[in-house]
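Residue-level structural notes
Chain residues, written in single-letter form:
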Amino acid sequence: MKKVVSVVLSLLFAFSCVSLLSGIAAADNAFTVQFASPSSETTPEITEWYKGENGEYYFFVPSCWDASGLMLKFNADGVKLNGENAVSGEVYDLGEKGTISCAGTEYKYNVLSSAKIGSVFIETESGSLDNVHADKDYKEKGKITILNKKGGVEYAGSLDYIKGRGNQTWEYDKRPYNIKLGEKVKLFGMQKSAKWCLIANYDDKTLLNNSIMYNAATEIGLSYSPECQPADVFINGEYKGSYLVTSKIEASGKRIDVENLDDVNEEICLTVFGEDFDMDTLTKCGTYGKFAGLLENTYKYVDVPKNPVSTADGGYIIELELANRYTKEISGFVSSRGQPATMKCPEYATGEQMKFISSYYQRFEDAVFSETGKNSEGESISDLADMASLCKYYLISEWASNMDTGLTSTYFYLDTTKDGKLYAGPVWDYDIAFGNNHSPRYGCNYDNPNELTVCYGRQYRNTVFGSIDVDEKPTIFNQLCRNADFIAECRAIWADISPVLNVWAEDGVADLASDLRASAIMNHIRWNTYGTLDAEEVGKKYDSDVNALKSFITTRTSFLNINNFKIEPKEEKTNFFSNLGKKILTWLNNMFEKFIVLFHLENKI
């Protein structure tokens, strides 16, 4: 024991720079308790106990640590553990529950252990996330240690940055993050990269939807579907919950294999302006501003210097987006039908590149919305886009009954140096799918497994007057589902992929849930998801949600097999006065938009 304690203390002193979180321990901030693994085989990251809303404290133990032997460190003398004197720096078996006493005050504690998944430990330079939470785009450096489920080190070293990510999800208490490691590494068996996403899955109580979608999309052959693995995340000593570590959507041979035009554009700028040049300082051109996402036939870009290397040839990744989110992005375009699209590659696009990709998408959109399936230049949908990827993207989204498809988090990619066609994918952000929506829209109940939904999805936008839903136009996938050739190919592909998807109901969901259950219980207690901090009760509620997910997928697959995508015109309840008011509002809105466009005539599509 003395040898173990000696090793533990020496390791503890070696990592004494770890920041202590204030406000996590006692209400008066006077008494703190930290715990760590005493094993010399893993980095002894120090972690704080957590005070729950019930006044009790929780030790959230990662799966690679032995909960029966935790090193404790106190900031006071005279501490008793379950009535016995305790010494800071010693190793103890805390059991499942107990008490720690100090200066006449008794603190009840609970020990919860994760299992079967890895762990991520982050220390920011400032010792907090205040700056990151104040500004989603703020990047803070730090250190990071990533351990697999057995305690093996996946990566330990510098963290180039941690920053915020997401749109609606960024507003929740449990926030998602992007991280960049000091070097490219393989994490948990995934392809090597330095950039990763920590997805919070706050809206999804099963914490499984995205894992199911990304893995299922890979299995049906939808290229570049994200890789993902769950992990418990600790930041500055605080347990933040169960996250999904995923690959980032970006131009890379390991991610989306298209030529990275951002690299080309940056090289031009570094050559002209010097090695320390910041791309964010480039002049913004085209149609910017608060209402840019509402202005049809416009695009925006940055002023990259003219150079012989400058070209429109290369790789493009676009995301269909909501108009109110379009404003925040650096480059993008709005189609003639009011569909905003933001650029993920190149993010810092030139005028030439934006002219090319906006024109290409417009020709594709024109073909899709044409009664003949061809645009004015005689190009068909299949001339411009890969039909198999369009079908697979639609089918798996319909299988998941995903409201966002065609509205936001909907990606397409194209590479002029290869076949030069538009491909649908990769899939992204399905936390409110699989019967987890609870928000009917346009006459569709996305929680009903026996109802087609994505094929009726509509693009919506707000007006220049504020957040008023207007102009409910069909999404690109809604319109594709009116094309007989598209539906015929969908039916043929569905016959091949439905057995693969049905396996997820029979085995896949249960297997993922079994691995994640212990971590999920810790997560739901940490965030009081179910309104109870009783671990047994939380486990029952979690199992119930997982069973509901399995039932949805089983029923959904069966329904789609029987329905065979018989898409009928949807009858909707109409109100004369409501429709008249919306028409008047739309007319006024369009008049104001035209007035706004007069000041942004430089680059119309």
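What you are looking at is a predicted structure, and each value in this text was computed from that prediction instead of being measured. Residue positions are counted from 1 within each chain, in the order its sequence is given. In keeping with the predicted nature of the model, local features appear solely for residues at pLDDT of at least 70, side-chain atom pairs appear and are counted solely at 80 or more, and the whole-chain, interface and lining totals rest on all residues. Only hydrogens and water are set aside when side-chain values are computed; all heavy atoms of the structure are taken into account.

1. Considerations on the overall build of the chain
Rules: For the purposes of this entry, the term helix denotes a DSSP run of H or I that reaches at least four residues, the term strand denotes a run of E that reaches at least two, and both are numbered from the N terminus. Radius of gyration means the value over C-alpha atoms here, while the globule rule gives 2.2 Å times the residue count to the 0.38 power. Each accessible area value is a Shrake-Rupley result obtained with a 1.4 Å probe; residue values ignore everything except the protein chains displayed when judging cover.
Within the chain, the secondary structure is distributed over twelve helices and 26 strands. Computed over C-alpha atoms, the radius of gyration of the chain comes to 26 Å, within 12% of the 25 Å expected from 2.2 N^0.38 for 605 residues, which places it in the range of a compact globule. Viewed in the frame of its principal axes, the chain has a C-alpha envelope of about 85 × 60 × 45 Å. Total accessible area on the chain is roughly 25,700 Å²; 48% of this is exposed by carbon and sulfur atoms.

2. Structural notes on a positive patch on the surface
Quick note on the threshold: Two joining distances apply to patches: 9 Å for like charges and 5 Å for nonpolar side chains (Val, Leu, Ile, Met, Phe, Trp, Tyr), and every residue must have over 30% relative accessible area and no salt bridge. Each salt bridge in this description consists of a side-chain nitrogen of Lys or Arg and a carboxyl oxygen of Asp or Glu lying within 4 Å of one another. In this tally, Asp and Glu contribute negative charge and Lys and Arg positive charge; neither His nor the terminal groups of the chain are included. Charge coordinates come from a single atom per side chain, which is NZ of Lys, CZ of Arg, CG of Asp or CD of Glu.
A surface patch of positive charge is lined by Lys184, Lys186, Lys192 and Lys254. Counting through the fold element by element, lysine 254 comes out in the loop between strand E17 (238-247) and helix H4 (261-273).

3. Considering the sheet that holds strand E15 (residues 193-199)
Defined as follows: Two strands pair under a simple rule: DSSP has to find at least two bridges between them. Axis lines are fitted to C-alpha atoms, over the contacting stretch for helices. Their N-to-C directions set the angle, which ranges from 0 to 180 degrees. The contact criterion used is simple: two residues touch if any of their non-hydrogen atoms lie within 4.5 Å.
The sheet built from seven strands closes into a barrel, its strands ordered E11-E12-E13-E14-E15-E17-E16 with mixed pairing. Here the strands of the sheet are splayed against their neighbours by 35 degrees on average, with no regard to which way each runs. Of the strand pairs in this sheet, strand E13 (residues 153-164) and strand E14 (residues 177-185) are connected by five bridges, and their pairing is antiparallel. Residue tyrosine 161 lies in a different strand from E14, and its bridge partner there is lysine 180. Together, E15, strand E16 (228-235) and E17 form the strand contacts of helix H3 (residues 209-219), whose direction differs from that of E17 by roughly 15 degrees. Against the sheet, helix H10 (residues 484-526) contacts E16 and E17, and its axis sits at roughly 130 degrees relative to E17.

4. Things to note about the pairing of strand E12 (residues 140-147)
The following threshold applies: Each residue is placed in one exposure class: buried if its accessible area under a 1.4 Å probe, protein chains only, is under 20% of its type's maximum, exposed if it is over 50%, and partly exposed if it falls in between.
For E12, the buried fraction is high: six of the eight residues fall into the buried class. Here six bridges tie strand E11 (residues 118-124) to E12, and the two strands are oriented antiparallel to one another. Within E12, the residue paired with valine 120 across the bridge is isoleucine 146. When E12 meets E13, the two strands line up antiparallel, connected through seven bridges. Within the sheet, the bridge partner assigned to isoleucine 146 lies in E13 and is tyrosine 155. Counting the residues that bridge the hairpin from E12 to E13 gives five residues, and of these glycine 151 lies at a positive phi of roughly 95 degrees.

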